[in-house]
Amino acid sequence: MKFIVGLGNPGKKYQRTRHNVGFFVIDRLAARQAVTIYNEICGAMTAEWLERGERILLAKPQTYMNRSGIAVSELLQRFDGTPDDLVVVYDDVDLPFGRIRIRTRGSAGGHRGLVSIIECLAGAPFPRVRVGIGRPPEGVETEDYVLEPFDADQAASLEEVIDNASDAVLRLLRDGPDAAMREFNRAS
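Residues numbered from 1 in each chain as written. Predicted model: local features only at pLDDT ≥ 70, side-chain atom pairs only at ≥ 80, totals over all residues. Heavy atoms only, no water.

**Q** How should I be thinking about the pattern of salt bridges in this particular structure?
**A** Opposite charge on two side chains lets them pair, provided their charged atoms get close. Counted by the stated rule, this structure contains 14 salt bridges. The partner of Arg 55 in a salt bridge is Glu 48, and the shortest N-O contact between them spans 2.8 Å. Note that Glu 183 is salt-bridged to Arg 171, the shortest N-O span being 2.3 Å. Given a relative accessible area of 29%, Glu 183 falls into the partly exposed group. According to the relative accessible area criterion, Arg 171 is partly exposed, its value standing at 27%. Sharing partners across several salt bridges, the network here consists of Arg 28, Arg 32, Glu 159, Asp 163 and Asp 167. (Salt bridge = Lys/Arg side-chain N within 4 Å of Asp/Glu carboxyl O. Buried < 20%, exposed > 50% of the residue type's maximum accessible area, 1.4 Å probe, protein only.)

Right under this line is the structure:
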């Protein structure tokens, strides 16, 4: 079984914010596979499908961003998964808006959802798909920026960004990290 986890915050207040890009990608993957995210397991809303005979579990932790690791570690334990079976999709302020970057390991880079996952998995490496949301404008704190909706220019191309990130996840699943990194890590 593979676990595709998108990071975000539950609730209407956060629904269309930059910090919920991971949730957007999970929703897009579910729509593409014609599955519905409705089942709550281990503190995450989930859905699953079969990909080449392997179960794929989509998950949107409902534990809020800073506690994402709790849901992730419980899902892996419940289904006998390992960090190698996991792909985490999340927003990244250190990448320009729309840029996709795939990594098989690395630090949290200050992302609190990733910090939580790394801590709960005792530092074990796992693949991740970073989705660039860009840096905040001068005078805006990062914590505020990520919890705001996308500006008009970004919102106009957000659907394409979500499609690209979904493509990256599927390529990672189907062809492995090397092929996915070659395709998606190149400069846009």
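**Q** How should I be thinking about the side chain of Asp 85 in this particular structure?
**A** Position of Asp 85 among the secondary structure elements: in the loop between α2 (68–78) and β5 (86–92). Setting aside its immediate chain neighbours within four residues, Asp 85 contacts Met 1, Lys 2 and Phe 3. (Helix = DSSP H or I, 4+ residues; strand = E, 2+ residues; numbered from the N terminus. Contact = heavy atoms within 4.5 Å.)

**Q** What is the right way to look at the pairing of β5 in this model?
**A** In regular strands, side chains alternate between the two faces of the sheet. Burial analysis of β5 places seven of its seven residues in the buried class, the great majority of the element. Alignment of strand β1 (residues 2–6) against β5, held across four bridges, turns out to be parallel. The residue bridging Val 5 from the neighbouring strand is Val 88, located in β5. As judged from the five bridges shared by β5 and strand β7 (residues 128–132), these two strands associate in the parallel manner. Residue pairing for β7: Tyr 90 is matched across the bridge by Arg 130. (Pairing = 2+ DSSP bridges.)

**Q** How do you make sense of the environment of Gln 62 when you look at a structure like this?
**A** Checked against the element boundaries, Gln 62 lands in the loop between β4 (54–61) and α2. For Gln 62, a relative accessible area of 25% translates into the label partly exposed. Distance in space between the C-alpha atoms of Gln 62 and Ala 44 is 5.1 Å, their sequence separation being 18 residues. Here Gln 62 is in contact with Pro 10, Phe 23, Gly 43, Ala 44 and Met 45, once residues within four sequence places are set aside. Polar contacts involving the side chain of Gln 62 include one to the main-chain carbonyl oxygen of Lys 60, which spans 2.8 Å. (Polar contact = N/O pair within 3.5 Å; in protein donor to acceptor, adjacent residues only side chain to side chain.)

**Q** Sorry if this is basic, but what is going on with helix α3 (residues 112–120) here?
**A** Helical geometry note: an α-helix holds 3.6 residues per turn, so side chains three or four residues apart project in the same direction. When we look at burial in α3, the residues that qualify are Gly 113, Leu 114, Ser 116, Ile 117 and Ile 118. Residues of α3 that are buried make contact with α2, β5 and β7. Ala 122 lies just past α3 and shows a positive phi near 55°.

**Q** It is not clear to me how the pairing of β1 should be interpreted in this structure. Could you clarify?
**A** Where burial is concerned, most of β1 is hidden: four out of the five residues are buried. Here β1 pairs with β4 via four bridges, running parallel. Following the sheet pairing, Val 5 is matched in β4 by Ala 59.

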